[in-house]
Amino acid sequence: MKFQKFTALLLAVLLVLSLAACGTKDNEKKADMSSNDSAMTDEQKNAEEALALHKKLMEQENTILSQNTALWEKVFMAADKGMTLQEDGKNYGEFLLDTIEGAKDQFTDEEYEMLKESATEISNIENKLTELYGDGVTYDVKNAQGDMSTLNSIASELKTADYDLVVPIVTPATQAVVNAGVTAPVVFISVTDPVAAGIMVDMAKPDKNATGTSNIVPVDEIFTLAGKLTPDVKNIGILYCSGEKNAVLTAEKAKTYLDTTDYTYEEVTVASSNEVQQAAQSLAGKVDAIYIPIDSTVQSAMAQVVEAANAAGIPIYGSDPVMVKSGALACVSVSNTQLGERSAEMAYDILNGKDVSEVPAEAMSDFQYVCSRAAADALSIALPEDGSVTVIGG
């Protein structure tokens, strides 16, 4: 039941969880009830005790992760996004230990030791959770690799698959799952505008078997940061996929904000990741900086955007720390950790009997400011040293 970790570490296009041993459906609870409502079977008492212990262990784990959040964000961004924990049988704490070891050059000796100690604590907690639930929890990960036809095919397969929960990440995956009519409960992560995307009519009352977290895009904050980091930038190039609702909404929001400033802007859209390289090259020759909204299509081809921007000697401003890790100069976004943790709490409630319609979708607003040391050095840009931004790389 810890899919907030998969969210932070994988950031795949689609994550599907099968939790055979987690949670009890309402009808199962009713079937176990005796005629006396106040009487509880030993099985029910044991189940309640297990749930209470699970909650206590998860609270301990989340307390560890909520401390030194800037350091943990560095760990999450350094993780191998293409690897699942089950590939080598390691638990989450062991996964973190490997990630910390691989990124140890990003931390001071004191930070490194603190992170190792904390990850070891998490590993011990994970072992206790495994003892509690056994091996009944399985996870299937599906990644469409930015291809919409593959995504729709995966969603179609999920309609008839036997899962207890489906967790799509970002807007296109969530739309595909909802439009396919998947019968398992859906808890989405990082959907920019669930109502505008047709995922629900009302955030407070989910009506299509789907709820989750929304990532507010602070376009005013990213361009304010851009003004501080690159004050000579005047003309912004906006690059996004016209087929992604989240990207279109964010681009429109950015243009509306830029219209109130002294910035000018040009936009170029793509229909697939195959068009990104040419679009980026065309845009980079006309503008002072490139802005990429929340957009899985363009993000999947960040290497081409970075190549074009570097050739032109201009910065890239993104909408997710993954873009910064891939070569963008900076981003301002909702914390992926916050999005994942809150979605996990929603999933926990649903797996334990709560109806999806009773779990309102929520917009998160705990922003993180992330900059790339390597990108800044390449462009001779001075980064703030006052702790106002998280600096990664280099």
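Look up a bit, the structure's there.
As the structure is a computational prediction, the values presented were derived from the model and not from experiment. (Residues numbered from 1 in each chain as written. Predicted model: local features only at pLDDT ≥ 70, side-chain atom pairs only at ≥ 80, totals over all residues. Heavy atoms only, no water.)

(A) View of the overall build of the protein. When you go through the protein residue by residue, the secondary structure sums to 16 helices and 13 strands. Evaluated residue by residue, the protein yields a buried proportion of 50% over its 394 residues. The contacts in the protein between residues at least 6 apart in sequence include a share of 70% that link residues at least 24 apart. By element, 46% of the accessible surface of the protein is carried by carbon and sulfur atoms, the whole surface being about 17,300 Å². (Helix = DSSP H or I, 4+ residues; strand = E, 2+ residues; numbered from the N terminus. Buried < 20%, exposed > 50% of the residue type's maximum accessible area, 1.4 Å probe, protein only. Contact = heavy atoms within 4.5 Å. Areas by Shrake-Rupley, 256 points an atom, 1.4 Å probe, with all protein chains shown as cover.)

(B) View of the sheet that holds strand β13 (residues 390-392). Strand order in the open sheet formed by seven strands is β7-β6-β8-β9-β10-β12-β13, and the pairing between neighbours is mixed. Bordering the open sheet on either side are β7 (264-270) and β13, each of which pairs with just one other strand. Between one strand axis and the next, the sheet turns through 20 degrees on average, direction left out of account. Note: strand β10 (residues 330-334) against strand β12 (residues 367-372), five bridges, orientation antiparallel. Bridge assignment links Ala330 to a residue of β12, and that residue is Cys371. Against the sheet, helix α9 (residues 219-229) engages β6 (235-241), β8 (289-291), β9 (316-318), β10 and β12, with an angle of about 155 degrees to β10. (Pairing = 2+ DSSP bridges. Axes fitted to C-alpha atoms, helices over the stretch in contact; angles between N-to-C directions.)

(C) Structural context of the packing of helix α7 (residues 148-160) against helix α8 (residues 171-180). Packing of α7 against α8 brings their axes to within 8 Å, and their N-to-C directions diverge by 40 degrees. Judged by the inter-axis angle, α7 sits oblique to α8. Considering the relative orientation of α7 and α8, their crossing is right-handed. Contact with α7, carried on its side by Met148, Leu151, Asn152, Ala155, Ser156, Leu158 and Lys159, involves Pro172, Ala173, Ala176, Val177 and Ala180 of α8 and no other residues of that element. Its residues placed into classes, the contact of α7 with α8 shows nine nonpolar, two polar and one charged. (Parallel < 35°, antiparallel > 145°, perpendicular 65-115°, else oblique. Left-handed = near helix turned anticlockwise from the far one by under 90°. Nonpolar A, V, L, I, M, F, W, Y, C, P; charged D, E, K, R; others polar.)

(D) Examining the side chain of Thr230 more closely. Looking at the element boundaries, Thr230 is found in the loop between α9 and β6. Those residues in contact with Thr230 that sit more than four places away from it in its chain are Pro315, Tyr317, Leu329 and Ile381.

(E) Expanded view of helix α13 (residues 302-312). Turning to α13, its buried residues are Met302, Val305, Val306, Ala308 and Ala309. Buried residues of α13, seen end-on, are gathered within an arc of 165 degrees and therefore sit on one face of the element. Exposed and oriented more than 90 degrees from the buried face of α13 are Ala303 and Ala311. Where α13 is buried, its residues touch β6, α11 (276-284), β8, α12 (296-299), β9 and α14 (321-325). (Arc of directions from axis to C-beta.)

(F) Up close: the nonpolar core. Phe223, Leu229, Ile236, Ile238, Tyr291, Tyr317 and Leu329 are the most contacted members of the largest nonpolar core, which totals 30 residues. For this core, the secondary structure elements donating two or more residues are α9, β6, α10 (245-258), β8, β10 and α16 (373-378). Aside from chain neighbours lying at most four places away, what touches Ile238 is Ala251, Ala254, Lys255, Leu258, Tyr265, Glu266, Glu267, Val268, Leu283, Tyr291 and Pro293. (Core = buried A, V, L, I, M, F, W, Y, C linked by side-chain atoms within 4.5 Å.)

(G) Seen up close, a negative patch on the surface. Together, Asp109, Glu113, Glu117 and Glu121 give the surface a local cluster of negative charge. Looking at where Glu121 falls in the secondary structure, it is placed in helix α6 (residues 109-133). (Patch = residues over 30% accessible without salt bridge, like charges linked within 9 Å, V, L, I, M, F, W, Y side chains within 5 Å. Salt bridge = Lys/Arg side-chain N within 4 Å of Asp/Glu carboxyl O. Lys, Arg positive; Asp, Glu negative; His and termini not counted. Charge placed at Lys NZ, Arg CZ, Asp CG, Glu CD.)

(H) Molecular detail of the pattern of salt bridges. Throughout the structure, instances matching the rule amount to six salt bridges. For Glu252, the salt bridge identified is with Lys255, shortest N-O distance 2.9 Å. Here Glu252 pairs with Lys255, and both are found in helix α10, just three residues apart, close to one helical turn. Between Glu385 and Arg373 there is a salt bridge, with the nearest N and O atoms lying 3.7 Å from each other. Within this pair, whereas Glu385 is found in the loop between α16 and β13, its partner Arg373 is found in helix α16, the two being separated by 12 residues in sequence. Residue Arg373 is classed as partly exposed on the basis of its relative accessible area, which comes to 23%. What emerges from the salt-bridge pattern is a single network uniting Glu252, Lys255 and Glu267.

(I) Summary view of unusual backbone geometry. The phi angle at Ser190 is positive, at roughly 65 degrees, despite the residue not being glycine. On the secondary structure map, Ser190 appears in the loop between β4 (186-188) and β5 (210-215). You can call Ser190 buried: its relative accessible area is 8%. Located in the positive-phi region is Asn209, a residue other than glycine, with phi close to 60 degrees. Mapped onto the elements of the fold, Asn209 is located in the loop between β4 and β5. Given the relative accessible area of 27%, Asn209 is considered partly exposed.

(J) Local environment of the environment of Ala176. Here Ala176 lies in helix α8. On the accessibility criterion, Ala176 (8% relative accessible area) is buried. Distance in space between the C-alpha atoms of Ala176 and Asn152 is 5.8 Å, their sequence separation being 24 residues. Once you skip the residues sitting within four places of it in the chain, Ala176 turns out to touch Leu151, Asn152 and Ala155.

(K) Spotlight on the packing of helix α4 (residues 69-78) against helix α5 (residues 92-102). Two numbers describe how α4 lies on α5: the axes approach to 9 Å, and their chain directions differ by 90 degrees. Judged on the interaxial angle alone, α5 and α4 are roughly perpendicular. Counting all contacts with α4, which are made through Trp72, Val75, Phe76 and Ala78, the residues of α5 involved are Tyr92, Leu96, Thr99 and Ile100.

(L) Looking closely at α10. Over its 14 residues, α10 extends 20 Å from the first C-alpha to the last, a length consistent with the 20 Å expected when each residue adds 1.5 Å. What α10 keeps buried is the set Asn246, Ala247, Thr250, Ala251, Ala254, Lys255 and Leu258. Down the axis of α10, the smallest arc covering the buried residues is 165 degrees, so these residues share one side. Buried residues along α10 sit against α8, α9, β6, β7 and β8. (Expected span 1.5 Å × (residues − 1).)

That's the geometry; what it means functionally is another story.
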